[in-house]
Every structure is written in C-alpha cells, then in structure tokens.
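Each chain is listed here by its residues.
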Amino acid sequence: MEKYKLIAKIKKGVFQGLCLLSSQTVTLKQLGFPDNEGVPGSLIKEITLLQAMRHANIIRLIDVVNHQEQSSIVLVYESMETNLTSFIRIYPKVMKIPRTIKELLRQILLAASYYHSFNIVHGGIKPANTFIDPATNTLKITDFVWPRTLFNSNTEDPNEELGFCYKAPEILVEHKQFSTAIDVWSVGCIFAEMVTQKPLFSATSEFHQLAKIFSIMGTPSEETWPGFSRIYRYLHIYNHCKPKDLRKLVTGLEPAGIDLLHKLLYMDPKGRITARQALEHVYFQN
Amino acid sequence: KVAYCPKQENFVDIDAQDVDNELAAVEYVEDIYIFHKLVENETRVNDYMHTQPKMTEKKRESLIDWMIEARDAFMNETLYLTINIGDIFLASKTAANRELRCVGVVAMFIASKYVEMLTDPMVYDFVEILNNQHEKQDVLVMEKWILSQLEWSLTVPTPYVFLTSFLKAAASITPLEIEVHIYF
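Here, residues in each chain are numbered from 1, in the same order as that chain's written sequence. Labels follow written order: the first chain is A, the first ligand is 1, and so on. In keeping with the predicted nature of the model, local features appear solely for residues at pLDDT of at least 70, side-chain atom pairs appear and are counted solely at 80 or more, and the whole-chain, interface and lining totals rest on all residues. Think of the side-chain values as coming from all heavy atoms in the structure, minus any hydrogens and water.

In this structure, Q197 of chain A is a non-glycine residue whose phi angle is positive, near 65 degrees. Counting from the N terminus, the helices are the DSSP runs of H or I reaching at least four residues and the strands are the DSSP runs of E reaching at least two. With respect to the helices and strands, Q197 of chain A occurs in the loop between α7 (181-196) and α8 (206-217). When a residue's accessible area, from a 1.4 Å probe over protein chains only, is under 20% of the maximum for its type it is buried; when over 50% it is exposed; and in between it is partly exposed. On the basis of relative accessibility, which here comes to 25%, the residue Q197 of chain A falls in the partly exposed class. The phi torsion at W152 of chain B lies on the positive side, around 60 degrees, for a residue other than glycine. Mapping W152 of chain B onto the fold places it in the loop between α6 (136-149) and α7 (159-170).

Okay, here's the thing in structure tokens:
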C-alpha cells in the first residue's frame, strides 16, 4: 500500500487515491473475504480475468495490493470523475445531439461485446457505472456486480441510484439461467435514458419493477415469450398490458434507433439481439 | 500482432469434431490459442538456478516428484500450473531451504483453486502434506505473498495448454489416451 496515498473516501470500502510513483489519480477498492480458507478460488479466477482484459471502453484494473489485514486485498483502478448520470445533468445540451448518443451507445456496446466474448456477464451496467471523459467523450464501463454479491453483500449505498431500474425481466423473476442477454437489456435502458434524460422503467421499488416493465413492453404471453408462465408462477397476478408505442415514450429518436431499442429490450432473452449484432445495426450505418 | 495464416486446402480442422460440444468453446478456440501464443513469451520463466542459492536442477526435480506423490487427486492441468507458479515465484524471490517445500505446496494450493472448478480445496489438506512443519497461518500468508508476486495473473500458458492441442493434432486420439500421454 505504500505506493498509494489515500485522498478521500468515496463510500464504504472505496477511496480516491494517488499513485506516488506515477502521480496518477486512482480509485481503490478494499475487498474482504472470509479468512479460514485463504483467498477464495472464485476471486483468484475473477482477478486473473480482469487483469487479462484490455479494452478502451473498460476501466482498467491497474494493480492488486495486499492489505495489512490478512483477509483483505485492495483493487486499484484507473480513476474517472464523471459518470453518465452526472454527464446528463451537467451537459443536457450535448446529450441532445443525436451523434453524441450514437457515439456513446456504440462505445457501451463495444465494451459489452468484449466482456461477452470472454463469456463474462457484467451484471450491473447502469449510468452510475458508466464513466465519460467530457473532453473526448470517451466512455468506460466499470464495476462488475460480483465483488458486491460475493463478498460485500451489504455495502449497497442507499444514496446510490436505483440499480433495479436497469435489471432485465429474467433476473427480476429470479430465473436462474441468465446469460449475457441481461447486459443487453441494461444497455437498452441506458439508450432510452440518454434520449429522454430520465429512466425508462422508473418504478418506486424493486418489487414494482416488473409491473413497470410489463406496463410498457406488454405482459408476456405464450407468443411473445414461450415458457414464461412456467418460469414465473406469479404471472397471473399481473394485469394484462398491451405494449406501448416506444416512439411516443422515447421521443426524438430516429426510426432506426427505435427499431434497435425494440431489439435491445426484447422481453424473451432468447430473442434479444446480442451486443455484437447490435453494433451491425443500421442505426450505426450513417 | 499475430500474422493471420489463411487456411490451406489440405488444412484439417482438428476442432471440427467438437463443434457440438459447448464446453469445448470451438467458436473461440482460435482466439484462445492466439492469446496463449501472445502471452507465452511474456510469461516465460528465466533460468533462475544461479539466483536461487538453495535450489539446483536436481532439487527442483525431486521437489516436483514429491509434490506429485503427496497429492494423488491431482489434475494434470493443476500440476503444470503448480510448476509454473513455483518457477515464476522462485525466479523473483529467494527462498530459504526450509521454505522451498512450503512454496511448492502453496503453489499447488493456488493452482488447485484456479483449475479445479467445483469446490475450493481445504487448507488443512495442504498443511498436512507439509507434515505440520508449517502452520495454517504460514500457508495463508505465503499464499497472498505468491499471488502478489505473480501480480494475481494466472493466465500463464503452461505446456499443458499446448500439449493437449498438439496431441489432438497428431492423431485423433481419445481423451483417455491424452491423459496417459500427459502423465508419462
């Protein structure tokens, strides 16, 4: 740890720091694990993967340092200040330019398809995890969901934006076999939010999130999502809703964009477009 | 960058038989080997015998033999990775004579965690292999020390990675025969 100097606490276990060798600002995340069996194998595998991943649109893991506590390590990431939530708030006019939206969406999809080619599911793509350098409009994604779910399950910051707004329907019904398609759904939510500057599916709690999605995308039926009633036993308690017209909800988006949005937010994960296919969509052709 | 070699007419695709096997990840098989080939040179261990005062070729050999005997439920891949981890560590840090076995066993502990999928191995099994000459705490401290020396990066292309592919290319032999070749 002597290589780094702590500057400020961002939230529990997360600090802003300075690398004393390169004088680069970094983000430090402390990660604890149960002590009895040493470092969990899953953590060794994950960090090895993170070390191997190099992509212009993914926040890079610079270093892993041993904490003085035996059952704790510190992950050192490159640091960026502005996330998408604050970017939209600070530069609402820039976000109104269709080309900005297109360029940012393309970068999110590039990052997602890179993760997916390693067969990694990010699991928590949301505006707060999406950083933008305002000088160059370079976008970088950070923060896998795993450190939180596996080791620090109770560190969710209550002030942090509500992550469930970006969760795919198949996770909300606790369908166990989720895949890379859940990230594509989150990207779709972010796409709509970049256009309208507010979350598309903004429910008041995780419990109401599914009903909110159904109210806009339509309640799944045997035709739109074969087998859904088997996965989800409580389907009958939801009102039957017809899909709403996304053109009226996401106003100002060109027709090709609306078509892509439909494909990103396809309810049945099996029919959802993949990140790689989305990059080939006509929306990006001009 | 690796030069792309176009597939020739008489090219036999050795992975074609696994197209339907999801676990074999045929779609990415080329990417994976290109990646391994790229990092092979980066992760190659230098000859460290002259910098490691208590180590000789002979001693390294008997240490490896001892490890194979000590742990019978050893997967091949784990064995090769263990040797790589031990070599990379010993090439960068000097260890005292009585620590050498501990390094070997902890390398084995880490490699088992990385390779073997279902459950993590128990630390006590490894303390036992060391005849209780080192305590559990020593093993855990050594584990973190070795991991940090390796910069937590275990994607080393061990000889095993290439061997399986070469054997597959040499003749379409069965997985069991591959196992046999790798051990002897």
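Further remarks concern the interface of chain B and chain A. A common way to report how large an interface is uses the accessible area buried once the components associate. Any two residues having at least one pair of non-hydrogen atoms within 4.5 Å are treated as being in contact. Between chain B and chain A, the contact holds 26 residues from the first and 23 residues from the second. Of the roughly 2000 Å² buried between chain B and chain A on both sides combined, carbon and sulfur atoms contribute 55%. Think of a salt bridge as a Lys or Arg side-chain nitrogen and an Asp or Glu carboxyl oxygen that are within 4 Å of each other. Where chain B touches chain A, the interface holds zero salt bridges. Here a polar contact is recorded for every N or O atom pair within 3.5 Å, except that within protein the pair must consist of a potential hydrogen donor and a potential acceptor, and residues adjacent in sequence are included only if both atoms are side-chain atoms. The interface formed by chain B and chain A contains 13 residue pairs in polar contact (both at pLDDT 80 or more). For the side of chain B that touches chain A, the secondary structure elements donating two or more residues are α4 (100-115) and α6 of chain B. For the side of chain B that touches chain A, the leading source of residues is α6 of chain B, giving nine residues. Accessible area, probed at 1.4 Å, shrinks when two parts are joined; the buried area is that loss added up over both.

A word on the packing of aromatic side chains. Note on aromatic contacts: the rings of Phe and Tyr and the six-membered ring of Trp form a pair at centre separations within 6.5 Å, being stacked when their planes are under 30 degrees apart, edge-to-face when over 60 apart, and tilted otherwise. For the structure on display, the rule yields twelve aromatic pairs over all chains. Between W185 of chain A and F201 of chain A, the ring centres sit 5.6 Å apart and the planes meet at 15 degrees, which makes this aromatic pair stacked. Placement of the pair is W185 of chain A in helix α7 and F201 of chain A in the loop between α7 and α8, with a sequence separation of 16 residues. Assessed through its relative accessible area of 0%, W185 of chain A is described here as buried. Taking 5.1 Å as the distance between ring centres and 80 degrees as the angle between the ring planes, the aromatic pair formed by F89 of chain B and W145 of chain B counts as edge-to-face.

This part covers the packing of helix α3 (residues 76-92) of chain B against α6 of chain B. Residue and element names in this part refer to chain B. Relative to each other, α3 and α6 sit at 80 degrees, their axes nearing to 10 Å. Put simply, α3 runs roughly perpendicular to α6. The segment α3 lies against α6, with I85, F89 and S92 engaging W145, I146 and Q149. Grouping the constituent residues of the contact of α3 with α6 by class yields four nonpolar, two polar and no charged. Helix axes are fitted only over the stretch in contact, all axes being lines through C-alpha atoms; the angle between N-to-C directions runs from 0 to 180 degrees. Here is the rule for angles: anything less than 35 degrees is roughly parallel, anything more than 145 is roughly antiparallel, 65 through 115 is roughly perpendicular, and the remaining ranges are oblique. Under the grouping applied here, Gly and all other residues not named as nonpolar or charged are polar, the nonpolar ones being Ala, Val, Leu, Ile, Met, Phe, Trp, Tyr, Cys and Pro and the charged ones Asp, Glu, Lys and Arg.

So, about the packing of helix α4 (residues 98-117) of chain A against α7 of chain A. All names here are of chain A. With their axes 11 Å apart at the nearest point, α4 and α7 run at an angle of 170 degrees to one another. Taken together, the axes of α4 and α7 are roughly antiparallel relative to one another. Across the interface between the two elements, I101, L104, L105, I108, L109 and H116 of α4 pack against D183, V184, V187, I190, F191, M194 and V195 of α7. Of the residues assigned to the contact of α4 with α7, the class counts are eleven nonpolar, one polar and one charged.

All names here are of chain A. By this rule the span expected of a helix is its residue count minus one, scaled by 1.5 Å. Helix length check: α4 (20 residues) gives 28 Å between terminal C-alpha atoms against 28 Å at 1.5 Å per residue, within 8%. In terms of burial, α4 is largely enclosed, as 14 of its 20 residues are buried. Phi for N119, located one or two positions after α4, is positive at around 60 degrees.

Residues and elements named next belong to chain B. Cavities and pockets were defined on a 1 Å grid built from protein atoms only: a cavity is a group of points that admits a 1.4 Å probe but offers it no way out, a pocket is an open group of points flanked by protein on both sides within 12 Å along at least five of seven lines, and a lining residue is one with an atom within 4 Å of any such point. Grid points are joined across faces, edges and corners, and a volume is the space filled by probe spheres set on the points. Taken as a whole, this structure holds two cavities of 30 Å³ or more when the rule is applied. Approximately 110 Å³ is the volume attributed to the largest cavity. Looking at which element gives the most residues to the lining of the largest cavity, the answer is α3, with five residues.

All names here are of chain B. Per-residue confidence for chain B gives a mean pLDDT of 77; residues scoring 70 or more make up 72%. Residue-level confidence of the predictor is summarised by pLDDT, bounded by 0 at the bottom and 100 at the top. Summarising per-element confidence for chain B, the mean pLDDT is lowest in helix α8 (residues 175-183) (62) and highest in α6 (92). Counting interchain partners and residues more than four positions distant, the pLDDT-below-50 stretch residues 1-7 has four contacts. For this predicted complex, the interface confidence score (ipTM) comes to 0.73, while the overall pTM stands at 0.75.

With that settled, the discussion passes to the pattern of salt bridges. A side chain with one charge may pair with a side chain of the opposite charge, provided their charged atoms come close. Within the structure shown, the criterion is met by ten salt bridges over all chains. Close ionic contact of D87 of chain B with R60 of chain B constitutes a salt bridge, the shortest N to O distance being 2.6 Å. A residue pair is termed long-range when its members are at least 10 positions apart, and D87 of chain B in helix α3 and R60 of chain B in helix α2 (residues 57-70) qualify at 27 residues. Owing to a relative accessible area of 11%, D87 of chain B belongs among the buried residues under this scheme. Across the pair E143 of chain B and K113 of chain B runs a salt bridge whose closest N-O atoms are separated by 2.7 Å. Of this pair, E143 of chain B sits in helix α6 while K113 of chain B sits in helix α4, and the two are 30 residues apart along the sequence. Owing to a relative accessible area of 0%, E143 of chain B belongs among the buried residues under this scheme. Salt bridges sharing partners connect three or more residues here, namely D245, R247 and K248 of chain A.

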